[in-house]
Amino acid sequence: MSTFFPRMNRLELTRAIMGVIDDDVLLVAGIGNAGFDLFTAGDRPGNFYMLGSMGMAIPIALGLALAQPERTVLVMEGEGSVLMNMGGLATVGREAPPNLTIVIWDNAQWQLTGGQPLATESTCDLAAVASACGISETTTPADAPAFTSTVRRAIDSPGPHVILAKIDASPAAGRHHDDPVFLKHRFMQAVGIVPD
Amino acid sequence: MPVSVTSSQLIFDALKACDVRIVSALPETWLVHLIRMAEDDPEVTLVRLAKEEEGVGISAGAHLAGVKSAMLMQNHGFLASINGIVSLAHLYKIPLLMLISYRGEFGERDPWQTQGGGATVPLLDALGIPWERLDNPDHVASKIRKAQTLADSALKPVALLLCRDLMWEE
């Protein structure tokens, strides 16, 4: 990759997402900082915060998108989790749910464990991976305004979409609730499902 | 290929009767007819996976959205799904209806299936996953319905082991 991307700030971009989505958009956040910054940017019942099962955010969002084809689903997932379950992008590409947008936060490190580098630091371009999986609406915005307009376009047009955001290593400011059953019930109510 | 079409149809009809509308699957020999039936049914969305653990996430998402789902996998796919089962389905109390082709039992000719066959039930027990064998066509409909009932009441994964005597005709 020869293109230089000034690194953006995850919380600022998460706030930008919150600023352009409708209230009924379902948001899924992968483990760790994706969820922490989503909580800080705007906690709401329609946010599903993952705990523990690294790599599962995109499949969860795919299941939601297939089960609720009238709702827009947007998932925010870290690059390490995407790498852990890279086949999930191929599954999304094949199913091609038009109502699914995937935002990948890529700061080229396993940030929560101390910043160890991973393959996106040097050799792996997850936007190229997503494109090669058949997700043609794949974008790597150059700056925050471009990111915001890309998100707006993604939720207003048929997908699936992948938005690869090159971000810095700023730590997350907050922490979301960590009771899984509470998070599940609250989210199901936001979907309009009687919680189990 | 002596995979039982009759038993596959019984299983698929039972899933339909349970209102299953999303089926995730990764092919294995014993599952080919079942997967084809899911693919051909306009009321069912078949999601072809790259790895079985994805099916845990898809079923979780479907559950959050109020849609019944089932997972078709081989027992080695169950082994490949364990973190998702533990850290997603168990942690969030999410029902999973897992139909697992039970390779590696008596009659198994493929050496590479035998280790996983021996590990399947001990792992189900270790994970606290209720399971039953499905080896008699007469029991297919009732056991699948009861398995789903338990998954939904206990809010946890349950497993039906699709056995050789049900799935293989020779």
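This section reports on the structure supplied with the text.

Reading the values: rules and limits
Residues numbered from 1 in each chain as written. Chains lettered and ligands numbered in written order. Predicted model: local features only at pLDDT ≥ 70, side-chain atom pairs only at ≥ 80, totals over all residues. Heavy atoms only, no water. Helix = DSSP H or I, 4+ residues; strand = E, 2+ residues; numbered from the N terminus. Rg over C-alpha atoms; globule rule 2.2 N^0.38 Å. Buried < 20%, exposed > 50% of the residue type's maximum accessible area, 1.4 Å probe, protein only. Contact = heavy atoms within 4.5 Å. Areas by Shrake-Rupley, 256 points an atom, 1.4 Å probe, with all protein chains shown as cover. Phe/Tyr/Trp six-rings, centres within 6.5 Å; stacked < 30°, edge-to-face > 60°. Lys NZ or Arg CZ within 6 Å of the ring centre and 35° of its normal. Pairing = 2+ DSSP bridges. Axes fitted to C-alpha atoms, helices over the stretch in contact; angles between N-to-C directions. 1 Å grid on protein atoms, 1.4 Å probe; cavity = no way out; pocket = protein on both sides within 12 Å on 5 of 7 lines; lining within 4 Å. Points joined across faces, edges and corners; volume = space filled by probe spheres on them. Nonpolar A, V, L, I, M, F, W, Y, C, P; charged D, E, K, R; others polar. Right-handed = clockwise from strand over helix to strand, strands pointing away. Parallel < 35°, antiparallel > 145°, perpendicular 65-115°, else oblique. Left-handed = near helix turned anticlockwise from the far one by under 90°. Patch = residues over 30% accessible without salt bridge, like charges linked within 9 Å, V, L, I, M, F, W, Y side chains within 5 Å. Salt bridge = Lys/Arg side-chain N within 4 Å of Asp/Glu carboxyl O. Lys, Arg positive; Asp, Glu negative; His and termini not counted. Charge placed at Lys NZ, Arg CZ, Asp CG, Glu CD. Core = buried A, V, L, I, M, F, W, Y, C linked by side-chain atoms within 4.5 Å.

## What to know about the overall build of chain A
Secondary structure summary: chain A contains eight helices and eight strands in total. In terms of overall dimensions, chain A is globule-like: its C-alpha atoms have a radius of gyration of 15 Å, near the 16 Å expected for 196 residues. Dimensions of chain A, computed from C-alpha atoms along their principal axes, come out at roughly 50 × 35 × 30 Å. Here chain A holds 196 residues, and the buried ones make up 59% of them. Put simply, of all contacts in chain A between residues at least 6 apart along the chain, 73% involve residues at least 24 apart. With the model as given, the accessible surface of chain A reaches about 7600 Å², and the carbon-plus-sulfur share is 53%.

## Let's talk about the packing of aromatic side chains
Under the counting rule described, the total for this entry stands at three aromatic pairs over all chains. Taken together, the ring pairs in this structure connect F48(A), F187(A) and Y92(B) into an aromatic cluster. Lying over the aromatic face of F36(A), R175(A) brings its terminal NZ or CZ to 4.0 Å of the ring centre.

## Regarding the sheet that holds strand β2 (residues 45-48) of chain B
All names here are of chain B. Strand order across the open sheet formed by six strands is β2-β1-β3-β4-β6-β5, with parallel pairing between neighbours. Each of the sheet's edge strands pairs with one partner strand only, and the pair in question is β2 and β5 (131-134). Across this sheet, the average inter-strand angle for adjacent strands is 20°, counted without regard to direction. Note: β5 against strand β6 (residues 157-162), four bridges, orientation parallel. Bridge pairing in β6 links L134 to L162. Running at roughly 130° to β2, helix α2 (residues 32-40) makes contact with β1 (20-25), β2, β3 (68-74) and β6 of the sheet. Lying over the sheet, helix α6 (residues 111-126) contacts β3, β5 and β6, oriented at roughly 145° with respect to β6.

## Structural notes on the side chain of T150(A)
Along the polypeptide, T150(A) turns up in helix α7 (residues 144-156). Beyond its immediate chain neighbours, meaning those up to four positions away, T150(A) contacts T139(A), P141(A) and I163(A).

## Examining the layout of surface pockets
By volume, the largest pocket amounts to about 390 Å³. What lines the largest pocket is a set of 24 residues, and nearest its centre among them are I31(A), G32(A), N33(A), Q111(A) and L112(A). Sorting the residues of the lining of the largest pocket by element identifies α2 (33-42), α4 (79-84) and β5 (109-110) of chain A as the ones contributing at least two each. Class assignment of the residues belonging to the lining of the largest pocket gives a composition of ten nonpolar, ten polar and four charged. Contributing to the lining of the second largest pocket are 17 residues, with H63(B), V67(B), K68(B), P95(B) and D152(B) lying nearest its centre. For the lining of the second largest pocket, the secondary-structure elements that each account for two or more residues are α3 (53-64), β3, β4 (96-101) and α7 (140-154) of chain B. Of the residues forming the lining of the second largest pocket, the biggest block, three residues, is contributed by α7(B). Counted by class, the lining of the second largest pocket contains nine nonpolar, five polar and three charged residues.

## Regarding the pairing of β1(B)
Residues and elements named next belong to chain B. Counting buried positions over the six residues of β1 gives five, a clear majority of the element. As judged from the five bridges shared by β1 and β3, these two strands associate in the parallel manner. Bridged to S24 within β3 is M71. In terms of strand pairing, β1 meets β2 through four bridges, oriented parallel. Within β2, the residue paired with S24 across the bridge is V47. As a crossover connection, the stretch from β1 through α2 into β2 is right-handed.

## Some thoughts on the packing of α3(B) against helix α5 (residues 82-92) of chain B
All names here are of chain B. At a closest axis distance of 8 Å, the pairing of α3 and α5 adopts a crossing angle of 20°. When the axis of α3 is compared with that of α5, the two are roughly parallel. Note that α3 runs across α5; the crossing there is right-handed. Contacts between α3 and α5 involve E53, V56, G57 and A60 from the former and N83, G84, I85, L88 and A89 from the latter. Across the contact of α3 with α5, the residue classes break down as five nonpolar, three polar and one charged.

## Details of a negative patch on the surface
A surface patch of like charges, here negative, comprises D22(A), D23(A), D24(A) and D156(A). Within the secondary structure layout, D156(A) lies in helix α7.

## A look at the nonpolar core
Residues I60(A), W105(A), F147(A) and M98(B) are the most contacted members of the largest nonpolar core, which totals 91 residues. Top element by residues in this core is helix α3 (residues 57-67) of chain A. It accounts for nine residues. Setting aside residues no more than four positions away along its own chain, M98(B) makes contact with M71(B), M73(B), F78(B), I85(B), I129(B), P157(B), V158(B), A159(B) and L160(B). V20(B), L160(B), L162(B) and L166(B) belong to the second-largest nonpolar core, a separate cluster that totals 32 residues.

## A look at the sheet that holds strand β2 (residues 47-49) of chain A
All names here are of chain A. One open sheet holds the six strands; their spatial order is β2-β1-β3-β4-β8-β7, and the pairing between them is parallel. Looking at the sheet topology across the chains shown, the edges are occupied by β2 and β7 (137-139). For this sheet, the mean inter-axis angle between neighbouring strands, taken without regard to orientation, is 15°. Examined bridge by bridge, strand β1 (residues 26-29) and β2 share three bridges and lie parallel to one another. Opposite V28, over in β2, you have F48 as the bridge partner. With respect to the sheet, helix α1 (residues 10-20) is in contact with β1, β3 (73-78), β4 (100-106) and β8 (161-166), its orientation differing from that of β4 by roughly 165°.

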